[in-house]
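Fold and contact review
Listed here are the chains, written in short residue letters.
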Amino acid sequence: MPSDPPDLTPEEARTLASWDRDLDALAGELRRARATVHDVVVPASLSATQLLHLADDPDGFARELARPMPRPPQPAARRGTRFHAWVESRFEELPLPMLGPDELPGGDDGDAEIADERDLAELKEAFERTEYARRTPYRVETPFQIVLAGRVIRGRIDAVYRTGDTYEIVDWKTARHRTADPLQLAVYRLAWAELHGLAPEAVGATFLYVRTGETVRPTGLPGRAELERLLLDEPPPRGR
């Protein structure tokens, strides 16, 4: 250890040594914190949004579970809820489910981009120009629960359209960019198919980007086995 500078008094030398000890202790604590691996248990019940977050960013999802942060009220999310409610009101003859607080439509943070009342009005006008404004859905705002890899996945399907014996799941997207994850439709498609005794391939799945009227129908959506491997963090079978 280097000797004390000659111009320090004994009291100053003791103070400096105390600082050195404190710095060593803090550095050691920081090293231990960085070296420690914390196991975070994935809950037995997940929302579809949480499942997407888990698939997209497992480390970020684990950090949120380990240290959840309170979220301030979001006016844009409330306007998103109002947009969904407005779409529902156009089809008043349909049976509507009773939704819990965590199942309210339009509250997805990734889709809460409705800036103000004028923007909300423009979205309604944009929806009126889409093909779905002239079609009556078979069901709207349908909640579901499905068990994947031993965990309950819950969510809510915006709309289901029926033509004969075929179904199409449609999810309204009010965001300004095409950022929707096809895994969302994969979960919805599987849930609807299994609830009605259908093969997943027999159920269509569509994102409707309301602002532009663009429809996106992803191909090659994963089925039950692939979704469960995702939850279990298992690699896909060889040859794929």
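Scroll up a little and you will see the structure.
Bear in mind the structure is a predicted one, so any value in this text is a computation, not a measurement. (Residues numbered from 1 in each chain as written. Predicted model: local features only at pLDDT ≥ 70, side-chain atom pairs only at ≥ 80, totals over all residues. Heavy atoms only, no water.)

**Observations concerning the nonpolar core**
This is how it is decided: Among buried residues, those of type Ala, Val, Leu, Ile, Met, Phe, Trp, Tyr and Cys that are joined through side-chain atoms within 4.5 Å constitute a nonpolar core. Note on classification: 1.4 Å probe, protein chains only; a residue is buried when its accessible area is under 20% of the maximum for its type, exposed when over 50%, partly exposed between these limits. In DSSP terms, a helix is any run of H or I states spanning at least four residues, a strand is any run of E spanning at least two, and both are numbered starting from the N terminus. Residue contacts are defined here by distance: any two heavy atoms, one from each residue, within 4.5 Å place the two residues in contact.
Core analysis: the largest hydrophobic core is formed by 31 residues, its most contacted members being F144, I153, I157, I169, W192, L227 and L231. For this core, the secondary-structure elements that each account for two or more residues are α2 (48-56), β2 (139-148), β3 (151-163), β4 (166-173), α6 (182-195), β5 (203-209) and α7 (224-232). At nine residues, α6 tops the list of elements feeding residues into this core. Residues contacting F144, with those up to four places away along its chain left out, are I153, R154, G155, R156, I157, V187, Y188, A191 and L195.

**Details of the packing of α2 against α6**
Helix packing geometry: the angle between the two helix axes and the distance between the axes. Filter applied, for reference: Axis definition: a line fit to C-alpha positions, over the contact stretch in the case of helices; interaxial angles, taken between N-to-C directions, run 0 to 180 degrees. For classification purposes, an angle smaller than 35 degrees is called roughly parallel, one larger than 145 roughly antiparallel, one from 65 to 115 roughly perpendicular, and anything else oblique. Crossing handedness: left-handed means the near helix sits turned counterclockwise from the far one by under a right angle, and right-handed means the same turn made clockwise. Each residue gets one label: Ala, Val, Leu, Ile, Met, Phe, Trp, Tyr, Cys and Pro are nonpolar, Asp, Glu, Lys and Arg are charged, and the others, such as Gly, are polar.
Packing of α2 against α6 brings their axes to within 10 Å, and their N-to-C directions diverge by 135 degrees. By the angle between their axes, α2 is oblique relative to α6. Crossing of α2 against α6: the hand is right-handed. Each of A48, L51, L52 and A55 in α2 lies in contact with α6, whose residues at this interface are L183, Q184, V187 and Y188. Taken together, the residues that form the contact of α2 with α6 break down as seven nonpolar, one polar and no charged.

**Considerations on the packing of α6 against α7**
Remark: α6 packs on α7, axes separated minimally by 10 Å, with the N-to-C direction vectors making an angle of 125 degrees. Taken together, the axes of α6 and α7 lie oblique to each other. As for the relative orientation of α6 and α7, their crossing is left-handed in sense. Taken together, the residues of α7 that come into contact with α6 (itself represented by L183, A186, V187, L190 and E194) are R224, L227 and L230.

**What about the pattern of salt bridges?**
Inclusion rule: For this document, the term salt bridge refers to a Lys or Arg side-chain nitrogen within 4 Å of an Asp or Glu carboxyl oxygen.
A complete count under the given rule lists 14 salt bridges for this structure. E122 serves as the salt-bridge partner of R118, at 3.5 Å between the closest nitrogen and oxygen. Placement of both R118 and E122 in helix α5 (residues 117-128) is noted, with a separation of four residues, approximately one turn of the helix. The exposed category is assigned to R118, whose relative accessible area is 65%. For E122, a relative accessible area of 38% corresponds to the partly exposed category. Measuring nitrogen to oxygen at the nearest pair gives 2.8 Å for the salt bridge that ties R224 to E194. In this pair, R224 is assigned in helix α7 and E194 in helix α6, connecting sequence segments 30 residues apart. For R224, a relative accessible area of 26% gives the class partly exposed. Exposure remark for E194: the relative accessible area of 40% places this residue in the partly exposed category. Each of E131, R135, E168 and R217 takes part in salt bridges that share partners, so that together they form one network.

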